[in-house]
Amino acid sequence: MDWYQCTVVGTSQHLFKDYVHLNSEPHPSTVRPYGVLLQTFEALKKRDWEDEDSCRWIYNQLKSIKQDLRLQRLANEFTVKVFETHARMALQFVRVHFPPLDMLDDMAEYEQCQITLDSLYALGIQGKEEEFIAYKILSMVRRNYSESGRLTPQQKADTAIRHALDVQKALEGGDYHAFFNLYDDAPNMSGFIMDSFLECERTKALLIITETYRHEVPMSFLTKELAFENEEETIEFLVKHDANTFKIQHPDAKEKILVCKPAYGRMLQKACERSRMMRGSSSKGKERA
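Residues numbered from 1 in each chain as written. Predicted model: local features only at pLDDT ≥ 70, side-chain atom pairs only at ≥ 80, totals over all residues. Heavy atoms only, no water.

One can describe the packing of helix α7 (residues 159-173) onto helix α9 (residues 190-213) by two numbers: an axis separation of 12 Å at closest approach and a directional angle of 10°. One element, α7, and the other, α9, form an angle in the roughly parallel class. Every residue of α9 that contacts α7 at H163, V167 and L171 is listed here: S190, M194, F197 and E201. Partitioned by chemical class, the residues of the contact of α7 with α9 number 4 nonpolar, 2 polar and 1 charged. (Axes fitted to C-alpha atoms, helices over the stretch in contact; angles between N-to-C directions. Helix = DSSP H or I, 4+ residues; strand = E, 2+ residues; numbered from the N terminus. Parallel < 35°, antiparallel > 145°, perpendicular 65-115°, else oblique. Contact = heavy atoms within 4.5 Å. Nonpolar A, V, L, I, M, F, W, Y, C, P; charged D, E, K, R; others polar.)

So, in structure tokens, the structure goes:
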């Protein structure tokens, strides 16, 4: 929709309404004015943000508030607060146990919020700009995009932005040790965005470790080095990537030991197979074109 052609002044006094995708110009009676939107936001803050069903309902209500703000072309600190809150919720849903399709939807929702926030910050409207600059750097880090040249010295000194720039540097230099330390110390919700490329970086790091060490490494070392919560998660990751080549030990042994050489061989073979499949899919696509 062309929001500038559909600007309205709302008259609805209903605190809550579900988000509905608009295909035509809305009637003012269906849009809440600024004062009501303030009340709605305050009422949402008192709801249960821990319960999954309640969270999804709040999430939908925030989308609805955003829509009413845009329809009335309201741009102020309240607008920024609503978009920042919704963006954080989207990042939270990306991490938790929702189905993959929802995860993609939530990441798209976050990115839409980020674009709007960039515009609002550019107007000089105050908010948590440094926090969201850090998220932007992290979300773009795998696309060879750098925000560094646009940052002021004051922004570069901010803890969250400095962390994001350090993550970018670690990835560019292939320093997996620094990367996983930064993941463990991620400020605000930076770790939620790093989750989107964590699996890939763990796989690359494991290839390097098994090639470099060649002989054996204990699970405690891998768990710490790859920033897993516990050894069970580490073993699950190794099984998933067909790298579960454990040393035969006494049943009473305190921890499992990974034998590196066969694990490296299996992972390399799997990576080659994936590469061949991708090349095959690409060639078939070109033939059809």
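After that view, the rundown keeps rolling.
Tallying each qualifying case throughout the model produces 11 salt bridges. Here K204 and E201 are joined by a salt bridge, their closest N and O atoms 3.2 Å apart. Linking K204 with E201, this pair stays in helix α9, spanning 3 residues, or about one helical turn. Owing to a relative accessible area of 10%, E201 belongs among the buried residues under this scheme. Here the salt bridges share partners, and the residues they tie into one network are K17, R32 and D68. (Salt bridge = Lys/Arg side-chain N within 4 Å of Asp/Glu carboxyl O. Buried < 20%, exposed > 50% of the residue type's maximum accessible area, 1.4 Å probe, protein only.)

Here the protein averages 87 in pLDDT, while 88% of its residues score no lower than 70. Within the model, the stretch residues 97-101 combines pLDDT values under 50 with 4 contacts to residues more than four positions away or in other chains. (pLDDT = per-residue confidence, 0-100.)

Bringing helix α5 (residues 129-140) into the picture now. Between the first and last C-alpha of α5 there are 16 Å, a value that for 12 residues agrees with the 16 Å anticipated at 1.5 Å per step. With 10 of its 12 residues buried, α5 lies for the most part within the structure. The set of residues buried in α5 consists of E131, F132, I133, A134, Y135, K136, I137, L138, S139 and M140. (Expected span 1.5 Å × (residues − 1).)

In this section: the nonpolar core. Residues F179 and L222 are the most contacted members of the largest nonpolar core, which totals 70 residues. If one sorts the elements of this core by residue count, helix α3 (residues 77-95) sits on top with 10 residues. The residues contacting F179, other than those within four sequence positions of it, are V167, A170, L171, M194, F197, L198 and E201. (Core = buried A, V, L, I, M, F, W, Y, C linked by side-chain atoms within 4.5 Å.)

Over its 15 residues, α7 runs 21 Å from end to end, which matches the ideal 21 Å to within 8%, given 1.5 Å per residue. Residues of α7 that are buried include every one of A160, I161, H163, A164, L165, V167, Q168, A170 and L171, and no others. Each element contacted by the buried residues of α7 is listed here: α5, α6 (153-156), α8 (176-184) and α9. By the N-cap criterion, in which a side-chain oxygen at the helix start approaches the backbone nitrogen of a residue two or three places on, α7 is capped by D158, the distance to A160 being 3.0 Å. (Polar contact = N/O pair within 3.5 Å; in protein donor to acceptor, adjacent residues only side chain to side chain.)

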